[in-house]
Every structure is written in C-alpha cells, then in structure tokens.
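What follows is the residue order along each chain.
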Amino acid sequence: MKMEIRVLRYFLEIARTGNMSRAAETLHVSQPTLSKQMKELEDELEKKLFRRGRVGLSLTNEGMLLQKRAEDILEMVDKTTDEFHSLDIVTGGEVHIGCAESHQIKYLARIIKDFRKKYPLFCYHLTSGNTEQVVERLDRGLIDFAVIVEPPNLSKYNYIEVPETNIWGLVMKKDDPLTAKSSIEIDDLIGLSIICSAQSMLVDIPRWCGEKVDMLNLSGTINLVYNGSVFVKEGVAYMLCFDNLIDTGADSDLAFRPLNPPLDTKMYVIWKKHQVFTPIAELLLDEMKSKLSRE
C-alpha cells in the first residue's frame, strides 16, 4: 500500500468540512486535484469512502474507519516529527502526558511549573481520561507518560509512586438526607441510582464492599467527574468518585461524604520499559524522580 501522509490529511479535511470545495480552499489545492486524490485513495483501498447527499459529503462506514485510523496515524507522525525536532534542543521540546482525574495531579503541575523556569521552550500536552484510556495511548506510543490510579503492570512499565492517596466517597445534592451522615456505608447505597467509572466498578468498589457490589444499582458509567456532577445536580443519580475533584464547598449545590470503611487509591506515573525518550522527556523524567521521591 502506498498511501501518503499528505493524502490522509486531505481526506481528513474533506471529512471535517463535508465539502470538497471548502476543503480545497483550506488545503490550497484545486478541487479537481483533490477529487483525483480521493478517487485514487478509494481505488487503492477498493472501498467507497464518501457518499454524496443534498447537503454535502458524508462518510461511509469504511470512511469512518479510515477517519479513525488516519487521525491516529497523523497524531503519531506529528509526535515523531516533534521528537526529532527536539533531539538537539536543550532549552525545550514537547512532552505528551495522559492523566487520570485526581487532585494529586497538583504534584505534576508543580514539577512542570519549576521545570519550565529551567527550560522555557518546554511545551507539554495533557490528555485526560480514565486509566484504561491513557494506558492505551501510552501503549500506542501517542504519549510519553501516563498518570494512572491503579497499580501498574510491572512487566510492561516502570513507575514512580505519587505522594498521598485519593479518598473515595459519595457525591450527592446538598439537601439529600444522606448528608446528615459523616460517612457512607454500603447499606446506605442499596436502592440508589449510582454512577461511577466503569474501571472503579470493576476494581475499586468491589475492593470496598466485596460481594455486596452486586446489590448496587449502577445506572450509568462516566469517565469525567465534572460531567457526572452535572447529572448529580439534576437529580439523575448519586456519584462514587475521589474527593477534591469537584467543588462541594459552602456555595456548592453538592456534598461529599467519604466511604466507611475508608477506601483509598494511590496514583502512579508510568512509562514503557525500554522506552527511548527525547532529551527533554528524559530531563522531565529525572525531575519527576527527584521531586516525587522527596515529597
């Protein structure tokens, strides 16, 4: 297959705009040239990628598959280009980090704040998601480091343990009767509509309540706590999550109560074993090792 990076960029721009003429203008190529490139791409793949409608072009199922693959390919190409541009740069460069949600990210923020004073051209890219999502990006080489909230697979990754722990609890509306309690037990949750991350329902919550996990009514899953908090405010459900991720102060409509017995989760910075870093990523790793071990 001789598919070119340039053609993939053309394809993604057409998919984004849904219009060949507008895509040609943005790409600074003629419409006949763009149409010819797409026809050759379809011939090469032996699949139709676009369907023409009254309001423009839309992707076929095959086109949607190529869109996802092309986005991944171009992200990797751009990251690799950045890495090579950074090889001889000692004042800066780019590092990609995938982060699970946790107040412990403050340690990473502090390290990067000080790091940029020494390397002013350093640029960082943070991608948020649950542990499964950020580890997948690490495995695919799209990020340099992942910050996760479950013990790492020691056969695949090196790691640094982040100080403190994440405390689990229940988020509810401030006028809920359960706010009268100082902590939440498993029996308090039975019969309630619960939302939490899919990962926590498989790993963390069973660690807390054992076989009684089957008695919980998991009505939905989330991967961003802020969006989950909106559902709580609207009275859709209660949410199990870490403390300090959303505002539950005096002016908030929400309240947080820790679980009883207490449940906590540690956080780790991980990277692939035998990973070859750019100079700036190697320097950041040294900084994290030094500062996190002293906290």
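One can find the structure itself at the top, above this paragraph.
Criteria and thresholds
Residues numbered from 1 in each chain as written. Predicted model: local features only at pLDDT ≥ 70, side-chain atom pairs only at ≥ 80, totals over all residues. Heavy atoms only, no water. Phe/Tyr/Trp six-rings, centres within 6.5 Å; stacked < 30°, edge-to-face > 60°. Helix = DSSP H or I, 4+ residues; strand = E, 2+ residues; numbered from the N terminus. Buried < 20%, exposed > 50% of the residue type's maximum accessible area, 1.4 Å probe, protein only. Lys NZ or Arg CZ within 6 Å of the ring centre and 35° of its normal. Axes fitted to C-alpha atoms, helices over the stretch in contact; angles between N-to-C directions. Parallel < 35°, antiparallel > 145°, perpendicular 65-115°, else oblique. Contact = heavy atoms within 4.5 Å. Nonpolar A, V, L, I, M, F, W, Y, C, P; charged D, E, K, R; others polar. Patch = residues over 30% accessible without salt bridge, like charges linked within 9 Å, V, L, I, M, F, W, Y side chains within 5 Å. Areas by Shrake-Rupley, 256 points an atom, 1.4 Å probe, with all protein chains shown as cover. Salt bridge = Lys/Arg side-chain N within 4 Å of Asp/Glu carboxyl O.

**Student:** Could you give an account of the packing of aromatic side chains, naming the residues involved and the relevant values?
**Tutor:** A complete count under the given rule lists 8 aromatic pairs for this structure. Considering the side-chain rings of Phe11 and Phe50, the 5.5 Å spacing of their centres and the 55° angle between planes classify their relative orientation as tilted. In this pair, Phe11 sits in helix α1 (residues 5-17) while Phe50 sits in strand β1 (residues 50-53), placing the two residues 39 residues apart along the sequence. Each member of the pair, Phe11 as well as Phe50, carries the same accessibility label: buried. Relative to Phe277, the ring of Phe145 lies with its centre 5.0 Å away and its plane at 20°, an arrangement referred to as stacked. Of the two residues, Phe145 sits in strand β5 (residues 145-148) while Phe277 sits in the loop between β11 (264-272) and α11 (279-294), which places them 132 residues apart along the sequence. Across the pair, exposure class does not vary: Phe145 and Phe277 are buried alike. Among the aromatic residues, ring-to-ring pairing joins Phe115, Tyr119, Phe122 and Tyr124 into one connected group. Taking the ring centre of Tyr107 as reference, the NZ or CZ of Arg110 above it sits at 5.4 Å.

**Student:** So what about the packing of helix α2 (residues 20-27) against helix α3 (residues 31-45)? Which residues, and what values?
**Tutor:** With their axes 9 Å apart at the nearest point, α2 and α3 run at an angle of 105° to one another. In terms of orientation, α2 and α3 fall into the roughly perpendicular class. Judged by residue contacts, Met20, Ser21, Ala23, Ala24 and Leu27 of α2 engage Gln31, Leu34 and Ser35 from α3. Grouping the amino acids of the contact of α2 with α3 by side-chain chemistry returns 5 nonpolar, 3 polar and no charged.

**Student:** Report on a nonpolar patch on the surface, specifying residues and quantitative values.
**Tutor:** Taken together, the side chains of Tyr226, Val230, Phe231 and Val236 present a nonpolar region at the surface, about 390 Å² in accessible area. Here Val230 lies in helix α10 (residues 225-233). On the basis of relative accessible area, Val230 is assigned to the partly exposed category, the value being 33%.

**Student:** Give a detailed account of unusual backbone geometry, specifying residues and quantitative values.
**Tutor:** Of the consecutive residues Asn260 and Pro261, the connecting peptide bond is found in the cis state with omega at 5°. Looking at the secondary structure, you find Pro261 in the loop between β10 (254-258) and β11. Although it is not a glycine, His28 sits at a positive phi angle of roughly 60°. Inspection of the secondary structure puts His28 in the loop between α2 and α3. Its identity as a non-glycine residue notwithstanding, Glu164 has a phi of 70°, on the positive side. Positionally, Glu164 belongs in strand β6 (residues 157-173). On the basis of relative accessible area, Glu164 is assigned to the partly exposed category, the value being 36%.

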